[in-house]
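Here is what each chain is made of, one letter per residue.
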Amino acid sequence: MITEDRRIWCLERNGDYSVKSAYKFCSTNLADTSHLQANGPWHLLWRICAPPKIKNLLWRICRHCCPTRVRLQDKGIECPTDCVLCEDHDEDSFHLFFKCRNSLNIWNQTNIAQAVLQASEEQSDAAAVIFTLLQQVDKDKTGIFAIIIWSIWNQRNDKVWRNKDTPQQTVILRAMNFLNDWKNIISVQTSTSVDMQAETTLTKWKKPSPGRIKCNIDVAFPSNTNLIGIGICIRDETGAFVRAKTEWFEPKCEVHVGEALGFLSALRWVHELNLGPVDFELDSKLMVDSSRYHRKDFTEFGAIIQHCKAIFFLFLCKL
Ligand SMILES: [Zn+2]
């Protein structure tokens, strides 16, 4: 589709060089990062039913980079190492979240006390306790588990940075209120999204305006072949069938490229038929956006869109 050669950076859609894409390519293809990888069921951590910042805190604990006093001293920062919540043990993640008498009292007031206490007896570091819990308790309880850890961390920070004592009951209440507020927001967002989807699904085909015809295009990607199918249907201003066509292309390509090929095929066919002013209708938002805006795009998709635009503007059709 590209008619003239030009120098492009193939790792970016717009063909321009970026440090971000070069860094990603080097870190995944050129540098050996295996020594940075840590074993564990990390997918369970990211599936926790809790806000992202809570999951990020758990990730930091599991990667041993939560800035407890012991960890800070390991990194050369001069500071006391004793736990500010009990003052009789060094503050590392395992102690702070699972062994400190403050934390044990907090866990004992939750519905996951038994699982947490058992895991902290059997395991020897915070990451192992967290992974054990994530494998043992259900989805709702993983959210409670994570949010209580976050609230204990806040309790510790209140003491270290503001010299403020937070009662254990407040630690639990703050955690549960935050989790409930977040769940309410998520449920509102989800129901709004479902409503919008339902609205979209119920959108009915409309006739073109008087004096115009309408061309509908759809593209199929059957799973058992290496082909993509393109269906084109043309109707007149009364909604009556005019012409239809099916085409098959090989090999199978990405969905947005297939949609673009479908549009290009329809434009060429309508041009050959010389049917007059045409409205085109297709269900790919990316295609419609790309056809309307002037973004640089040197990918195969961008080249097809350029081709479509060239044909399209010749006939002054309305999208
Ligand atoms: Zn302590």
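Scroll up to find the structure this text is about.
Residues numbered from 1 in each chain as written. Predicted model: local features only at pLDDT ≥ 70, side-chain atom pairs only at ≥ 80, totals over all residues.

> Quick question: what am I supposed to make of the nonpolar core here?
Inside soluble globular proteins, nonpolar side chains tend to come together where they are buried. Among the nonpolar cores identified, the biggest contains 37 residues, and Ile130, Ala146, Ile147 and Ile149 are the most heavily contacted of them. Every element with two or more residues in this core is listed here: α3 (52-62), α5 (93-99), α6 (101-107), α7 (113-122), α8 (126-136), α9 (139-162) and α10 (168-202). Here this core gets nine residues from one element, more than from any other, and that element is α9. Those residues in contact with Ile130, other than ones at most four positions away along the chain, are Leu58, Ile61 and Cys62. Counting 22 residues, the second-largest nonpolar core is a separate cluster that includes Ile228, Ala260, Leu261 and Val270. (Core = buried A, V, L, I, M, F, W, Y, C linked by C-beta atoms within 7 Å. Buried ≥ 20, exposed ≤ 12 C-beta atoms within 10 Å, placed from the backbone. Helix = DSSP H or I, 4+ residues; strand = E, 2+ residues; numbered from the N terminus. Contact = placed C-beta atoms within 7 Å.)

> Where do I start with the packing of α3 against α9 in this structure?
Pairs of packed helices are described in terms of their axes, by the angle between the two and the distance that separates them. Taken N-terminus to C-terminus, the directions of α3 and α9 make an angle of 75°; their axes are 9 Å apart at the nearest point. It follows that α3 is roughly perpendicular to α9 by the angle criterion. Contact with α3, carried on its side by Ile54, Lys55, Leu57 and Leu58, involves Ala146, Ile147, Ile149, Trp150 and Trp153 of α9 and no other residues of that element. Each residue belonging to the contact of α3 with α9 can be placed in one class, and the counts come to eight nonpolar, no polar and one charged. (Axes fitted to C-alpha atoms, helices over the stretch in contact; angles between N-to-C directions. Parallel < 35°, antiparallel > 145°, perpendicular 65-115°, else oblique. Nonpolar A, V, L, I, M, F, W, Y, C, P; charged D, E, K, R; others polar.)

> Sorry if this is basic, but what is going on with the packing of α7 against α8 here?
At a minimum axis distance of 9 Å, the contact between α7 and α8 shows a crossing angle of 140°. On the basis of the axis angle, α7 is oblique to α8. Relative to α8, α7 is oriented so that their crossing is right-handed. Residues Ala115, Val116, Ala119 and Ser120 of α7 touch α8, and the partners they reach there are Val129, Thr132, Leu133 and Gln136. Here the contact of α7 with α8 is composed, by residue class, of five nonpolar, three polar and no charged. (Left-handed = near helix turned anticlockwise from the far one by under 90°.)

> Can you help me understand α9 in this one?
Note: α-helices contain 3.6 residues per turn, so residues at a spacing of three or four share the same orientation. Relative to the 34 Å expected for 24 residues at 1.5 Å per residue, α9 spans 34 Å between its end C-alpha atoms, a close match to the ideal helical length. Backbone geometry just after α9 places Asn163 at a positive phi near 50°. (Expected span 1.5 Å × (residues − 1).)

> Whenever I open this one, α3 confuses me. Can you help?
Along α3, the residues that are buried comprise Ile54, Leu58, Ile61 and Cys62. Looking straight down α3, one finds its buried side chains confined to an arc of 100°; they lie on one side. Structural note: α3 exposes Pro52 and Lys53 on the side pointing more than 90 degrees away from its buried face. The secondary structure elements touched by the buried residues of α3 are α2 (42-46), α5, α8 and α9. Where α3 ends, the next residue or the one after it, His64, has phi of about 60°, a positive value. (Arc of directions from axis to C-beta.)

Coordinates in, geometry out; function isn't part of it.
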